[in-house]
Amino acid sequence: MTTYNIGVIAGDGIGPEVINEGLKVLGEVKNGFDVNLVEYPYSGAHYLKTKELVPDRVIDEWRALDAVYLGAIGHPKVEPGLVERSVIMGLRMGLDLYVNLRPVKLFAEHLCPLKGKTPKDVDFVVIRENTEDAYVGLGGFFKKGSPDEIAVAEMVFTRKGTERIIRYAFDIARARNKNGKPKLTMVDKANAIRPQDLWTRVFAEVGKEYPDVEQNHLYVDACCMAMVRNPEAFDVIVTANLFGDIITDLGAMLQGGMGFAASGNIHPGKTSMFEPIHGSAPDIAGQGIANPLGAVLSLSMMLDYLGEKKTAARIENAVASLMISDRPPSLNGKNGMTTTQIGDAVSRQIALGDSSPMISPRGKTNATHIAQLKSAIAAQESLRATLGDQAIEAVIAALNEKIFALRVQQQPV
Ligand SMILES: NC(=O)c1ccc[n+]([C@@H]2O[C@H](COP(=O)([O-])OP(=O)(O)OC[C@H]3O[C@@H](n4cnc5c(N)ncnc54)[C@H](O)[C@@H]3O)[C@@H](O)[C@H]2O)c1
């Protein structure tokens, strides 16, 4: 049996609260493989106690793991960015995790703040370059604190860095094959930031190798507008580090809030890191009201990356089923379900299995409907068991759509 060595950095604030729920779900879903969890203490709280940041030898240690599962870093009593840079940048830069993969997927209509938008409308992926741009740390202050103070921050874009992320995004668009018409939108601000013309040129050059993928370009301001006005127009977005950071918070809100958004920090084929996109949320830390679903969905992304695709799909299906069930968890802060209760609900949903009545359409269960759902799930599982994963992704996606449509259909008894 395969055993995966997983580094766990729970971090600060709500980080440990949501990671606990993720690990609870992992315990529930683990089947056919084992995990060896290696816990690391690095966080703002740890820094306050010990003054320790991440040493180089630990970054070497991380490279030897199969994956890293991270909660959130950031403590209100520590200088902003100090520990975040050490841990998050230590991982992203140290392990060269150049892809930041952020699915924006709405599970249930009632979660979306946009009027009339359904899960069919909000289903795209943002691919954020993760190692360059304003995050390389080039810059600083001159005459700090004086009336003549100057602050400089450099944006860095390399041809290699731009090319590899754009190529990755084209490959993802091809693999998703959304509605049989893959589409990639490149987002920059090359009209105002002229060095971003590098992105424009590289996108056009690499795009010649992908004539089957529709290619589109938006400036980042127009992209924000379009994400709100017609999110259904998006399939895959590729963008630089800073813009990706910003537009994915907007994407999280389209999904139902910061607590829903998951991410993978990936170097294809190498140790990668998975984390919810939110921070340590000091305003709600310790109250047990954080939404752990972003952490749970990040766990699903990690298992998918490790090759445990069936297990990953079971987690995502359980979350989707919960959100469209008769009694979706209320995520209304203090008046909603607690972090632990939501984790328990996901675990229960997994234990019940995909074809339980809990995931039936809203209203009462319908025998024909459940039978259709069961047969679609069985078809999907048998394809997974008999064919190679790559070859069947498109078929799986089509069946997933069918399963999803069956779940959301409202049928009388
Ligand atoms: N990857 C990371 O670890 C990461 C990412 C962003 C921010 N940070 C750090 O986190 C700290 C706080 O940053 P911030 O306040 O800008 O961002 P944040 O994401 O922590 O919080 C923003 C808002 O979203 C809410 N929120 C976030 N996650 C939630 C969840 N799971 N359930 C319910 N509500 C949730 C918070 O209560 C807050 O109102 C800072 O120190 C920052 O540097 C870390």
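Residues numbered from 1 in each chain as written. Predicted model: local features only at pLDDT ≥ 70, side-chain atom pairs only at ≥ 80, totals over all residues.

J.: How should the overall build of the protein be read in this particular structure?
T.: Across its full length, the protein carries 13 helices and twelve strands. Counting all 413 residues of the protein, 44% fall into the buried class. Sequence separation of 24 or more characterises 76% of the internal contacts of the protein that already satisfy a separation of 6 or more. (Helix = DSSP H or I, 4+ residues; strand = E, 2+ residues; numbered from the N terminus. Buried ≥ 20, exposed ≤ 12 C-beta atoms within 10 Å, placed from the backbone. Contact = placed C-beta atoms within 7 Å.)

J.: So what exactly am I meant to see when it comes to the site of the ligand here?
T.: Lining the immediate environment of the ligand, one finds 20 residues, of which Gly 74, Gly 259, His 278, Gly 279 and Asn 291 sit closest. Breaking the shell around the ligand down by element, the ones donating at least two residues are helix H1 (14-29) and helix H4 (82-94). Its residues assigned to classes, the shell around the ligand shows ten nonpolar, seven polar and three charged. (Near = placed C-beta within 6 Å. Nonpolar A, V, L, I, M, F, W, Y, C, P; charged D, E, K, R; others polar.)

J.: For this particular structure, what's the right way to read the nonpolar core?
T.: As a rule of thumb, nonpolar side chains are buried together in soluble globular proteins. Counting residues in each nonpolar core, the largest one holds 98 residues, and the members touching the most others are Tyr 69, Ile 127, Leu 299 and Val 319. No other element matches helix H10 (residues 309-324), which puts nine residues into this core. A domain-level breakdown of this core finds at least three residues from each of domain 1 (1-97 + 267-353) and domain 2 (101-131 + 162-261). If we skip the residues at most four places from it in the chain, Leu 299 touches Gly 22, Val 25, Leu 26, Tyr 69, Phe 274 and Ile 315. (Core = buried A, V, L, I, M, F, W, Y, C linked by C-beta atoms within 7 Å. Domains from an automatic or database assignment.)

J.: Hey, could you run me through unusual backbone geometry in this one?
T.: With the exception of glycine, most residues fall at negative phi, and the peptide bonds are largely trans. Positive phi is not limited to glycine here, since Lys 143 has a value of about 55°. You can see Lys 143 is positioned in the loop between strand S6 (139-142) and strand S7 (150-153). Positive phi is not limited to glycine here, since Asn 179 has a value of about 55°.

J.: Where do I start with helix H8 (residues 241-255) in this structure?
T.: One turn of the α-helix equals 3.6 residues, which is why residues spaced by three or four share an orientation. Between its terminal C-alpha atoms H8 stretches 21 Å, which fits the 21 Å expected from 15 residues at 1.5 Å a residue. Buried residues along H8 sit against strand S4 (99-105), strand S5 (123-129), strand S8 (183-188), helix H7 (220-229) and strand S10 (236-239). Once H8 finishes, Gly 256 follows within two positions and takes phi at roughly 130°, a positive value. (Expected span 1.5 Å × (residues − 1).)

J.: Where do I start with the sheet that holds S8 in this structure?
T.: Sheet strands line up and pair through hydrogen bonds in the backbone, either parallel or antiparallel. Strand order in this open sheet of ten strands is S2-S1-S3-S12-S11-S4-S5-S10-S8-S9, and the pairing throughout is mixed. Looking along the sheet, the strands with just one partner apiece sit at the ends: strand S2 (33-40) and strand S9 (214-219). In this sheet, adjacent strand axes meet at a mean angle of 25° when their direction is disregarded. Bridge count between S8 and S10: four bridges; the pairing is parallel. Opposite Leu 184, over in S10, you have Val 236 as the bridge partner. Relative to the sheet, H1 contacts strand S1 (2-11), S2, strand S3 (67-72) and strand S12 (272-276), its axis offset from that of S3 by approximately 135°. (Pairing = 2+ DSSP bridges. Axes fitted to C-alpha atoms, helices over the stretch in contact; angles between N-to-C directions.)

J.: Hey, could you run me through the environment of Ala 240 in this one?
T.: Locating Ala 240 in the fold gives a position in the loop between S10 and H8. Sequence separation between Ala 240 and Ile 165 is 75 residues; the distance between their C-alpha atoms is 9.0 Å.

J.: Sorry if this is basic, but what is going on with the pairing of S5 here?
T.: Remember that side chains alternate between the two faces of the sheet whenever the strand is regular. Of all seven residues in S5, seven are buried, a share of seventy percent or more. Residues Asp 123, Val 125, Ile 127 and Glu 129 point to one face of S5 and Phe 124, Val 126 and Arg 128 to the other, with burial holding for every one of them. Bridge count between S4 and S5: seven bridges; the pairing is antiparallel. If you follow Val 104 over to S5, its bridge partner there is Phe 124.

J.: Which parts of the structure should I look at to understand the confidence of the model for the protein?
T.: Any region with low pLDDT has predicted coordinates that should not be read closely. Mean pLDDT for the protein: 89, with 85% of residues reaching 70 or above. When the criterion is pLDDT under 50, residues 354-365 qualifies, and its contacts beyond four places in sequence or with other chains add up to 31 contacts. (pLDDT = per-residue confidence, 0-100.)

J.: Help me understand the packing of H7 against H8 in this model?
T.: Axis angle and axis distance: for two packed helices, these are the angle between their axes and the distance between the axes, and together they describe the pair. With their axes 11 Å apart at the nearest point, H7 and H8 run at an angle of 10° to one another. Taken together, H7 and H8 sit at an angle that is classed as roughly parallel. In this structure, H7 contributes Val 220, Cys 223, Cys 224 and Met 227 to the contact, and H8 contributes Phe 243, Ile 247, Leu 250, Gly 251 and Leu 254. When grouped by side-chain class, the residues that make up the contact of H7 with H8 number eight nonpolar, one polar and no charged. (Parallel < 35°, antiparallel > 145°, perpendicular 65-115°, else oblique.)

J.: Even after reading the chapter, I still don't get H7, so can you show me in this structure?
T.: Within H7 the residues assigned to the buried category are Val 220, Cys 223 and Met 227. Down the axis, H7 shows its buried residues gathered within 45° of arc, on one side only. Opposite the buried face of H7, by more than 90 degrees, sit the exposed residues Ala 222, Met 225 and Arg 229. In this structure, the buried residues of H7 make contact with S8, S9 and H8. (Arc of directions from axis to C-beta.)

J.: Help me understand the packing of helix H5 (residues 159-176) against helix H6 (residues 197-207), please; the structure alone is not making it clear to me.
T.: Where H5 meets H6, the axes come as close as 10 Å, and the angle between the chain directions of the two elements is 45°. Viewed along their axes, H5 and H6 adopt a mutual orientation that is oblique. For the pair H5 and H6, the sense of crossing is right-handed. Between H5 and H6, the residues in contact are Arg 159, Thr 162, Glu 163, Ile 166, Arg 167 and Phe 170 and Leu 198, Trp 199, Val 202, Phe 203 and Val 206, respectively. Considered class by class, the residues forming the contact of H5 with H6 number seven nonpolar, one polar and three charged. (Left-handed = near helix turned anticlockwise from the far one by under 90°.)

J.: How do you make sense of the environment of Val 296 when you look at a structure like this?
T.: Examined against the element boundaries, Val 296 turns out to sit in helix H9 (residues 293-306). It is 10.0 Å that separates the C-alpha atoms of Val 296 and Gly 259, two residues lying 37 residues apart in sequence.

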